[in-house]
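# A look at the structure
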Amino acid sequence: MARVYNFSAGPSMLPLSVLQKAQSELLEYGSSGQSVMEMSHRSSVYDAIIVETEAALRRVLNIPDNYKVGFIQGGASTQFAMVPMNLMTTGEADYLVTGQFSGKAAKEAEKFGTVHVVASSKDKNFTYIPDVDAVEYSPNASYIHICENNTIYGTRFTKLPQVDGIPLVADMSSCILSRPTDVSKYGLIYFGVQKNVAPAGMAVAIVREDLLENARTDLARPAMLDYKTLIDARSMYNTPNCWSIYMMGLVLHWIENEVGGLTEMEKRNNAKAQLLYDYLDQSSFFQNPVNKADRSIMNVTFASPSKELDAKFCQEAAEAGLVNLKGHRSVGGMRASIYNAMPLDGVQALVAFMKEFEARNG
Ligand SMILES: *Cc1c(COP(=O)(O)O)cnc(C)c1O
């Protein structure tokens, strides 16, 4: 078996030991006589799994007691709609548009109220993060929405908008669990799980209790799009994504027990990102277009001197077992997504390959 280093932006790599654990439990989970894939979500065996996954998330992220957790289907994109449908109590909200996903979130929210795009980095193709302290926030905004790590462009917020009395809502799909997070700075955090947490097919919302209790009342929401309905039913209003929740539990146990928690996870992620950025910074062949202070530690974009060389690079890298390095079509060039499960070895192999490619083609 030859496993490749997969630099896909998502779905992406899972830790090998997690896959092996899932494999060992695939036919029979515990002494249940069945696979997690076959189990009733109402069974006591499954109940223990979902309870433990939530408990593990609470431990690893240090989630305060006044926050609730929901496992919700429909990916992060459904959260783009659920957030305004539930939280836009004043009929207005502020959006910082720093890439395609936050643009989509803002566009979706326009269907449910007035969206103020209070900052945007579109003028430079989203290669930087606006200064959050220089933004004029709307006094009547129900919340301020950001996309904390911009998967396509390779930028991230290093400072958060913090306005008294206005909750911060963050799409953390591509950075959740990459480092310690002070959950109390947010009103709501959501993330699709397929980047850093589990196989695709689910999002997680972490919501401050008072926002759940005081959700907007002027809008008839489908039950499946109502945070309180889903969370009051412990994410089992209907059949949840049982498998993804189980896998998420395994990934959380890996972070807790093998990695040693989020502080250690961040150290590893910083080391991987630094290796790659240090190489890019001294290279006269490859370039990273992002404002240095705003560089993501999860998604690293770079380009060679020409489109032809970019294509050649991706093809030859794939032949060398380094796959999915093609950049997003709106940026071009390359993108290495180096999420939690990408080992340092993978980034070392990538940098070695880049050096060799530069020597041959530079
Ligand atoms: C991948 C991604 C999304 C889209 O997620 P889906 O689960 O496919 O809807 C949204 N936001 C960010 C930041 C992402 O990286």
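Residues numbered from 1 in each chain as written. Predicted model: local features only at pLDDT ≥ 70, side-chain atom pairs only at ≥ 80, totals over all residues. Heavy atoms only, no water.

As recorded in an unreviewed UniProt entry, the chain goes by Phosphoserine aminotransferase and comes from Ruthenibacterium intestinale. Per UniProt, the chain has the following entry under Subcellular location (unreviewed entry): "Cytoplasm". UniProt's Pathway (unreviewed entry) comment on the chain is quoted here verbatim: "Amino-acid biosynthesis; L-serine biosynthesis; L-serine from 3-phospho-D-glycerate: step 2/3." (UniProt positions renumbered as here; feature names shortened; annotations may be inferred.)

This brings us to the UniProt feature "modified residue: N6-(pyridoxal phosphate)lysine" (unreviewed entry) in the chain. Mapped onto this numbering, the UniProt entry gives "modified residue: N6-(pyridoxal phosphate)lysine" (unreviewed entry) at Lys195. When you line up the elements, Lys195 lands in the loop between strand E9 (188-192) and strand E10 (203-208). By relative accessible area, Lys195 is classed as buried at 10%. Setting aside its immediate chain neighbours within four residues, Lys195 contacts Ala9, Gly10, Ser12, Thr151, Ser173, Ser174 and Tyr339. (Helix = DSSP H or I, 4+ residues; strand = E, 2+ residues; numbered from the N terminus. Buried < 20%, exposed > 50% of the residue type's maximum accessible area, 1.4 Å probe, protein only. Contact = heavy atoms within 4.5 Å.)

Looking at the assigned domains, one finds that the chain contains domain 1 (5-15 + 261-361) and domain 2 (39-258). Computed from C-alpha atoms alone, the centre-to-centre distance between domain 1 and domain 2 is 27 Å. If you look at the interface, domain 1 gives 32 residues, while domain 2 gives 35 residues. A buried area of about 2600 Å², summed over both sides, lies between domain 1 and domain 2, and 57% of it is on carbon and sulfur atoms. Here domain 1 and domain 2 share zero salt bridges between them. Across the contact surface, domain 1 and domain 2 share 14 residue pairs in polar contact (both at pLDDT 80 or more). For the side of domain 1 that touches domain 2, the element with the highest residue contribution is helix H8 (residues 262-282), accounting for seven residues. Partitioned by chemical class, the residues of the side of domain 1 that touches domain 2 number 15 nonpolar, twelve polar and five charged. (Domains from an automatic or database assignment. Buried area = accessible area lost by both parts, 1.4 Å probe. Salt bridge = Lys/Arg side-chain N within 4 Å of Asp/Glu carboxyl O. Polar contact = N/O pair within 3.5 Å; in protein donor to acceptor, adjacent residues only side chain to side chain. Nonpolar A, V, L, I, M, F, W, Y, C, P; charged D, E, K, R; others polar.)

Okay, the UniProt feature "binding site: L-glutamate" (unreviewed entry) in the chain next. The UniProt feature table records "binding site: L-glutamate" (unreviewed entry) at Arg42. Owing to a relative accessible area of 53%, Arg42 belongs among the exposed residues under this scheme. Arg42 has contacts with Met236 and Tyr237, leaving out every residue within four places of it along the chain.

Before going further, it helps to examine the nonpolar core. Within the largest apolar cluster, 90 residues are counted, with the highest numbers of intra-cluster contacts made by Leu57, Leu177, Val204, Ile206, Met248, Phe286 and Phe313. It is helix H7 (residues 242-259) that provides the largest number of residues to this core, a total of eleven residues. Two domains each provide a minimum of three residues to this core, namely domain 1 (5-15 + 261-361) and domain 2 (39-258). The contacts of Met248, once residues within four sequence positions are left out, are Thr53, Leu57, Phe71, Phe191, Val193, Val197, Ala198, Met202 and Val204. With 28 residues, the next largest nonpolar core counts Met88, Val115, Ala205 and Leu211 among its residues. (Core = buried A, V, L, I, M, F, W, Y, C linked by side-chain atoms within 4.5 Å.)

Moving on, we come to the packing of aromatic side chains. One pass over the full model with this rule turns up 15 aromatic pairs. Summarising the aromatic geometry, the rings of Phe286 and Phe313 are spaced 5.4 Å apart at their centres and angled 75° between planes, so their arrangement reads as edge-to-face. Here the residue Phe286 occupies a position in the loop between H8 and strand E11 (299-302), and Phe313 occupies one in helix H9 (residues 307-319), the gap between them amounting to 27 residues. Here Phe286 and Phe313 have matching classes, each one buried. Seen from their ring centres, Phe286 and Phe357 are 6.5 Å apart, and the 35° between their planes marks the pair as tilted. Separated by 71 residues along the polypeptide, Phe286 in the loop between H8 and E11 and Phe357 in helix H10 (residues 344-361) bring together distant segments of the chain. Looking at Phe286, the relative accessible area reads 0%, which means it is buried. Using a relative accessible area of 0% as the deciding quantity, one classes Phe357 as buried. Here the aromatic residues Tyr279, Phe285, Phe286, Phe302, Phe313, Phe353 and Phe357 are joined through ring pairs into a cluster of three or more. (Phe/Tyr/Trp six-rings, centres within 6.5 Å; stacked < 30°, edge-to-face > 60°.)

Before going further, it helps to examine the pattern of salt bridges. Opposite charge on two side chains lets them pair, provided their charged atoms get close. One pass over the structure, following the stated rule, counts 20 salt bridges. Here Asp226 ties to Arg221 by a salt bridge, and the two come within 2.6 Å at their closest N and O atoms. Between Lys292 and Asp281 there is a salt bridge, with the nearest N and O atoms lying 3.8 Å from each other. Here Lys292, found in the loop between H8 and E11, pairs with Asp281, found in helix H8; they are eleven residues apart in sequence, far enough to count as distant. On the accessibility criterion, Lys292 (55% relative accessible area) is exposed. A single salt-bridge network, built from bridges that share partners, covers Glu52, Arg59 and Glu256.

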